[in-house]
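# A structural walkthrough
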Amino acid sequence: MAVKGKKRRFSKSHFYVLPAFLLHACFVTVPGLSMIYFSLTNWTGLGQAGFIGLDNFRRMIFTDAIFHRALGNNLIWVLMMSTVPIVISLLLALLIVKLRRLQMFYKSALFIPYVIASVVASAVWVQMYNKYFGFPRLLNTMGLTGLAAVNWLGDPKLAIYSVAMVRMWSQWGFFIVLFLAALQQIDPCIYESADIEGVNAFQRFIHITVPMIRPTLSTIWMLTIIGSFLTFDYIFAMTSGGPGNATEVAATWIYKHAFQKYEVGYAMAMSLCVCLIAGGAYFLFHLVDREVDA
Amino acid sequence: MKRHNRFLSLVLALMLAVSVLSAMPAAVAEGETVTVNIAWENTTDDAVDRWHTYFIEPFEAANPNIKINFEVIPDITTVIKVQLAAGTGPDVFSADNVDIMEYWNSGTVASWDKYLEQGYFADVFDWAKDACQMEGQLAAIPMSYEGMMLWYNEDMMQQHGWSFPTNLEEYEQICADALAADIVPIAHGCNNSKGRNAYMHIMGDYLNAYAGPEAFKAWMSGEVDYTDPRITGAFQLFVDHWNNGWVNEKQTVSLDMNSALALWYQQMALFQVQGSWYVGSINSTEIDFNYSMGYFPSLKEGIEPNMNIGIGEVVMMNKDAAHPDEAAMFFNSIYTDEANLTAAIANGQQILSRAFDANKLPESVNPHIVELYNFMSEASSENKIGYTIWTFVPGTVAYSLYSDIETVLLGEGTLEDYLKNLQALLDEAIAAGWKFAL
């Protein structure tokens, strides 16, 4: 009787999940699997797709230097996003959590960039970087002509960092809110006993704060790493992968091949590659996280 | 609980059925109104208003059983490709000249030949129709007729005692003098996904002004290749001038076109390179200085200054169009309704790919618009014409031309490699059947 009841509950819960599963299958799983087929073709996005075997993958691995550069830029993006905004937002959260007054004001003010649409933020920052009308002009009037002459979005060596700065600026408000929530969960008694034991601030941070907020930290890192392989909006809106191909990332290069160069088959092959890399990064992170947990 | 679950299943099933059934098109009975769906590239509100006022409403008034659904789609190329691949899409849509070959080869668009046989589009320039041919058939209807010119700030010229350049020496001198006077010689921005193709505007000028239209045509026809010194020289000169800071002080890589034009409007730049589409801005932007236009100067002895001509957007027909005849009728009416066409042009619409007498424009029209169209007429009648890249170069070559030039400008690649790549793409396109239009 108990087994029969368990079976009934099993089929009911699946029934309720079914519509969402069907939608997911229709719009995510099936197109995702069809990507494998189309990556083996020379499909232009229109008309019939011609099977060409592994030619796209050979081109991607051996010939396409810009794709290699794009992956390198993704790696730079991962390294930047998984360090700078997290460190800054954690430090700010540690400061804000101690405030008795105006905590809500600082939280809200720092959160505002996160709610600004990426395209809008990009358009604003492109103007801020503008040599003639943006802050370089202000620097010039202040006599900082060297700094004013820097071509933030036009120098191939700097452009990716200039765009990354905008992304970080938009993100750390969100991380601050997450860290604040995690910090506020820590029982103050733990800190009090640590104080009694004579623990200094640094030791308190390393041995109490960080372990207690580790689940939040792990989640943020995981989302950041996976998100960094998919980054597209800020780069496309601010530089379109330029100057030259200096800020090209996998997503922008894939977009150009799919929608501007009529090479959808090749774009699919690159997408598959990025999927595998992002998936691999996630599993690696998951393994490391589990080891640290253990 | 069982009854509750059954009720829930029924509701879900009904919702699914309703959504499926509502997606099925209803059959149109004879005598009923038909709706022609037109998708158009991103454009200004003013332009959309002109479409409605001078083309759509008059057509609907004359044809009460035909409704025009004119929809502006940002990033139309991406959207239309997906729709066509799915077997849907509007009846007709705007596209770039460079995209005609890809659409045609995919088998998703229809020929307009049967409408030519009915006498439609008789006034369209022959060269424009030729530029839209694929496999001997008219694959698209050319719309706006474009010409390139060099715009300049007259007041600034006068103030500094400069005169409009007509040859390389004068051009180089004025650019150097402007830069020395802390004036941006040529305002030009190419940073953003759409705007990067603005390199085509100025590089087309260099090709036609240095190599000359004949060499341009010879290259595109496969008679000469990129190693021809006229071709290499044109590109090298552009790279040199860019490196001198004459093209927006090397900021083309970081400024978009609107930001670059702001320099011109703020009187911080002497020249700007724009085509006849600038009529839209002439009407809508308050410019408080005297300005005019001229031919891009000759950059080599023996090459006459010329105006590069081309087609702006083209109209293509979905092979599965529900109402192709009505769509063709509408676009033919745009070409043949003289009164409304003249009124639209007087209000900032670009001229079509057909003859137009600027003297027909009313006296109230902005004099710069009249000046522009008189300039274009003069250039055409005196055969001082060159070829724009977006009309007379295969799509794949044009794309690579404007998207890869920055690697050369920034010293990350060589001009030789860049041109070799363009040549390879050109050879491929010619082998696949692409032909120079004239």
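Structure first, text after, so check above.
### Quick notes on the overall build of chain A
Helix and strand counts for chain A come out as 15 helices and zero strands. For 294 residues, the compact-globule estimate of 2.2 N^0.38 gives 19 Å, and the C-alpha radius of gyration of chain A, at 24 Å, exceeds that figure by more than 25%. On the principal axes, the C-alpha backbone points of chain A span a range of 85 × 75 × 30 Å. With 294 residues in all, chain A has 40% of them scored as buried. Of the contacts made within chain A by residues no fewer than 6 positions apart, 67% connect residues no fewer than 24 positions apart. The centroid of the 22 positive side-chain charges in chain A is displaced by 9 Å from the centroid of its 13 negative side-chain charges.

### With respect to the overall build of chain B
When you go through chain B residue by residue, the secondary structure sums to 19 helices and 14 strands. For a compact globule of 438 residues, the expected C-alpha radius of gyration is about 22 Å, and chain B comes in at 24 Å, within 12% of that figure. Across its three principal axes, chain B shows a C-alpha extent of roughly 85 × 50 × 50 Å. Sorting the 438 residues of chain B into buried and exposed places 56% on the buried side.

### Section: the pattern of salt bridges
Per the counting criterion, the structure on display carries 13 salt bridges over all chains. Close ionic contact of Arg59 of chain A with Glu263 of chain A constitutes a salt bridge, the shortest N to O distance being 3.2 Å. On the criterion of sequence distance, the pair formed by Arg59 of chain A in helix 2 (residues 55-63) and Glu263 of chain A in the loop between helix 14 (250-259) and helix 15 (264-293) is long-range, its members being 204 residues apart. Each of the salt bridges in this network shares a partner with another, and the network as a whole consists of Glu338, Arg354 and Lys360 of chain B.

### Focus: the interface of chain B and chain A
Frequently, the measure chosen for interface size is the accessible area that the parts lose on association. Taken residue by residue, the interface counts 39 residues in chain B and 33 residues in chain A. With both sides pooled, the region where chain B packs onto chain A buries about 3000 Å², and carbon together with sulfur makes up 56% of that total. When the buried surface of chain B facing chain A is broken down by residue, Lys81, Glu102 and Tyr399 of chain B rank first, second and third, together holding 20% of it. Inspection of the region where chain B meets chain A yields two salt bridges. Those elements that place two or more of their residues in the side of chain B that touches chain A are helix 1 (2-22), helix 3 (76-85), helix 4 (100-106), helix 12 (257-265) and helix 18 (395-409) of chain B. If you tally residues by element for the side of chain B that touches chain A, the top one is helix 3 of chain B, at five residues. Per-class residue counts for the side of chain B that touches chain A are 14 nonpolar, 15 polar and ten charged.

### So, the pairing of strand 2 (residues 66-73) of chain B
All names here are of chain B. Here eight bridges tie strand 1 (residues 34-41) to strand 2, and the two strands are oriented parallel to one another. Looking at strand 2, one finds that Glu41 is bridged to Ile73. With helix 2 (residues 45-62) bridging strand 1 and the parallel strand 2, this β-α-β connection has right-handed handedness.

### Focus on the layout of surface pockets
All names here are of chain A. Quantified by volume, the second largest pocket comes out at close to 730 Å³. Lining the second largest pocket are 25 residues, with Ala258, Phe259, Val264, Met268 and Ser271 positioned closest to its centre. With seven residues, helix 15 is the largest single contributor of residues to the lining of the second largest pocket. When its residues are assigned to classes, the lining of the second largest pocket shows 21 nonpolar, three polar and one charged.

### Some details on helix 9 (residues 159-185) of chain A
The first and last C-alpha atoms of helix 9 of chain A sit 40 Å apart over 27 residues, in line with the 39 Å expected at 1.5 Å per residue. Helix geometry: helix 9 of chain A is bent most strongly at Gln171 of chain A, by close to 30 degrees.

### What to know about the side chain of Thr231 of chain A
Residue and element names in this part refer to chain A. Mapped onto the secondary structure, Thr231 falls in the loop between helix 12 (214-229) and helix 13 (233-238). Within polar-contact distance, the side chain of Thr231 engages the side chain of Trp77 at 3.4 Å. Other than its neighbours up to four places away in sequence, Thr231 contacts Asn74, Trp77, Val249 and Ala251.

### Describing the pairing of strand 12 (residues 307-311) of chain B
Residues and elements named next belong to chain B. With respect to burial, strand 12 is a largely interior element, five of its five residues being buried. Pairing between strand 8 (residues 145-153) and strand 12: three bridges, direction antiparallel. Paired with Glu146 across the bridge in strand 12 is Gly310. In terms of strand pairing, strand 12 meets strand 14 (residues 385-387) through three bridges, oriented parallel. Opposite Ile309, over in strand 14, you have Tyr387 as the bridge partner.

### With respect to helix 4 (residues 84-96) of chain A
With 13 residues, helix 4 of chain A extends 18 Å between its outermost C-alpha atoms, agreeing within 8% with the 18 Å of an ideal straight helix rising 1.5 Å per residue. For helix 4 of chain A, the secondary structure elements touched by its buried residues are helix 3 (65-81), helix 5 (103-115), helix 9, helix 11 (201-212) and helix 12 of chain A.

### A word on the side chain of His241 of chain B
Residues and elements named next belong to chain B. With respect to the helices, strands and loops of the structure, His241 is situated in helix 11 (residues 229-243). Judged by relative accessible area, His241 falls into the buried class, the value being 1%. A polar contact of 2.7 Å, which involves the side chain of His241, links it to the side chain of Tyr206. Excluding anything up to four places from it in sequence, His241 contacts Leu168, Tyr171, Glu172, Tyr206, Trp246 and Val247.

### Focus: the nonpolar core
When a protein is soluble and globular, its nonpolar side chains tend to lie buried together. Ranked by size, the top nonpolar core spans 163 residues in total, and within it Phe235, Phe331 and Tyr373 of chain B carry the most contacts. Looking at this core element by element, the count peaks at ten residues for helix 9 (residues 198-211) of chain B. If sequence neighbours within four positions are ignored, Phe235 of chain B has contacts with Met203, Leu207, Trp219, Leu401, Leu415, Tyr418, Leu419 and Leu422 of chain B. Membership of the second largest hydrophobic core comes to 33 residues, among which are Leu90, Ala121, Tyr129 and Ile213 of chain A.

### A short note on the state of the cysteines
Evaluated as defined, the whole model comprises zero disulfides over all chains. For Cys273 of chain A, which is in no disulfide, the shortest distance to another cysteine sulfur is to Cys275 of chain A and amounts to 9.4 Å. Take Cys273 of chain A: its relative accessible area is 17%, and that puts it in the buried class. Here Cys190 of chain B is not cross-linked by a disulfide; its sulfur's nearest cysteine counterpart is in Cys175 of chain B, at 15 Å.

### Regarding the packing of aromatic side chains
Residue and element names in this part refer to chain B. Applying the stated rule across the entire model yields 59 aromatic pairs over all chains. Seen in terms of ring centroids, Trp151 and Tyr291 are 6.1 Å apart; in terms of plane orientation they differ by 40 degrees. Their pairing is tilted. Of this pair, Trp151 sits in strand 8 while Tyr291 is found in strand 11 (residues 291-294), placing the two residues 140 residues apart along the sequence. Both residues of the pair, Trp151 and Tyr291, count as buried.

### Overview of the environment of Asn421 of chain B
Within the secondary structure, Asn421 of chain B is located in helix 19 (residues 415-431). By relative accessible area, Asn421 of chain B is classed as partly exposed at 33%.

### As for a nonpolar patch on the surface
On the surface, a cluster of nonpolar side chains totalling about 390 Å² of accessible area is made up of Val17, Leu18, Phe21 and Leu22 of chain A. Relative to the elements of secondary structure, Phe21 of chain A occurs in helix 1 (residues 2-38).

Procedures and definitions
Sequence order as written defines the numbering, with residues in each chain counted from 1. Each chain is given a letter, starting from A, and each ligand a number, starting from 1, according to the order in which they appear as written. Residue-level local features of this predicted model are given only where pLDDT is at least 70; pairs of side-chain atoms are given and counted only at 80 or more, and the full residue set underlies all totals for whole chains, interfaces and linings. The side-chain values count all of the structure's non-hydrogen atoms but skip hydrogen atoms and water molecules. To qualify as a helix, a DSSP run of H or I must reach at least 4 residues; to qualify as a strand, a run of E must reach at least 2; elements of each kind are numbered from the N terminus. Taken over C-alpha atoms, the radius of gyration is set against a globule rule of 2.2 Å times the number of residues to the power 0.38. Three labels apply to residues, based on accessible area from a 1.4 Å probe with only protein chains included: buried if under 20% of the type maximum, exposed if over 50%, partly exposed otherwise in between. What makes two residues a contact is simply this: any of their non-hydrogen atoms within 4.5 Å. By the counting rule applied here, Lys and Arg register as positive and Asp and Glu as negative, while His and the ends of each chain are not counted. Think of each charge as sitting on NZ of Lys, CZ of Arg, CG of Asp or CD of Glu. Salt bridges are defined by distance alone: a side-chain nitrogen of Lys or Arg within 4 Å of a carboxyl oxygen of Asp or Glu. Buried area is understood as the total, over both parts, of accessible area removed when two parts are fitted together, assessed with a 1.4 Å probe. Gly falls in the polar group here, along with every residue not listed as nonpolar (Ala, Val, Leu, Ile, Met, Phe, Trp, Tyr, Cys, Pro) or charged (Asp, Glu, Lys, Arg). Strand pairing is defined by DSSP finding a minimum of two bridges between the two strands. A crossover gets the label right-handed when its path from the first strand over the helix to the second runs clockwise, viewed with the strands pointing away from the viewer. A pocket here means an open set of points on a 1 Å grid, computed over the protein atoms alone, that has protein on both sides within 12 Å along at least five of seven lines. A cavity is instead a set of points where a 1.4 Å probe fits but cannot get out; residues with an atom within 4 Å of a point line either one. Grid points are joined across faces, edges and corners, and a volume is the space filled by probe spheres set on the points. For a helix, the expected span equals 1.5 Å multiplied by the number of residues minus one. A residue's bend is the angle separating two fitted axes: one through the seven residues that end there, the other through the seven that start there. Residues adjacent in sequence count toward polar contacts only when both atoms are side-chain atoms; beyond that, a polar contact is any pair of N or O atoms within 3.5 Å, and within protein one must be able to donate a hydrogen and the other to accept it. By nonpolar core is meant a set of buried Ala, Val, Leu, Ile, Met, Phe, Trp, Tyr and Cys residues that side-chain atoms within 4.5 Å join together. In this description, a disulfide is simply a cysteine sulfur pair whose atoms lie within 2.5 Å. Stacked, edge-to-face and tilted are the three classes for Phe, Tyr and Trp ring pairs, Trp counted by its six-membered ring, which pair at centre distances within 6.5 Å; planes under 30 degrees apart are stacked, over 60 edge-to-face, the rest tilted. Patches were defined on residues exceeding 30% relative accessible area and lacking a salt bridge, with like-charge contacts within 9 Å and nonpolar side-chain contacts (Val, Leu, Ile, Met, Phe, Trp, Tyr) within 5 Å. Every accessible area reported is derived by Shrake-Rupley at a probe size of 1.4 Å, with residue values counting cover from the shown protein chains alone.

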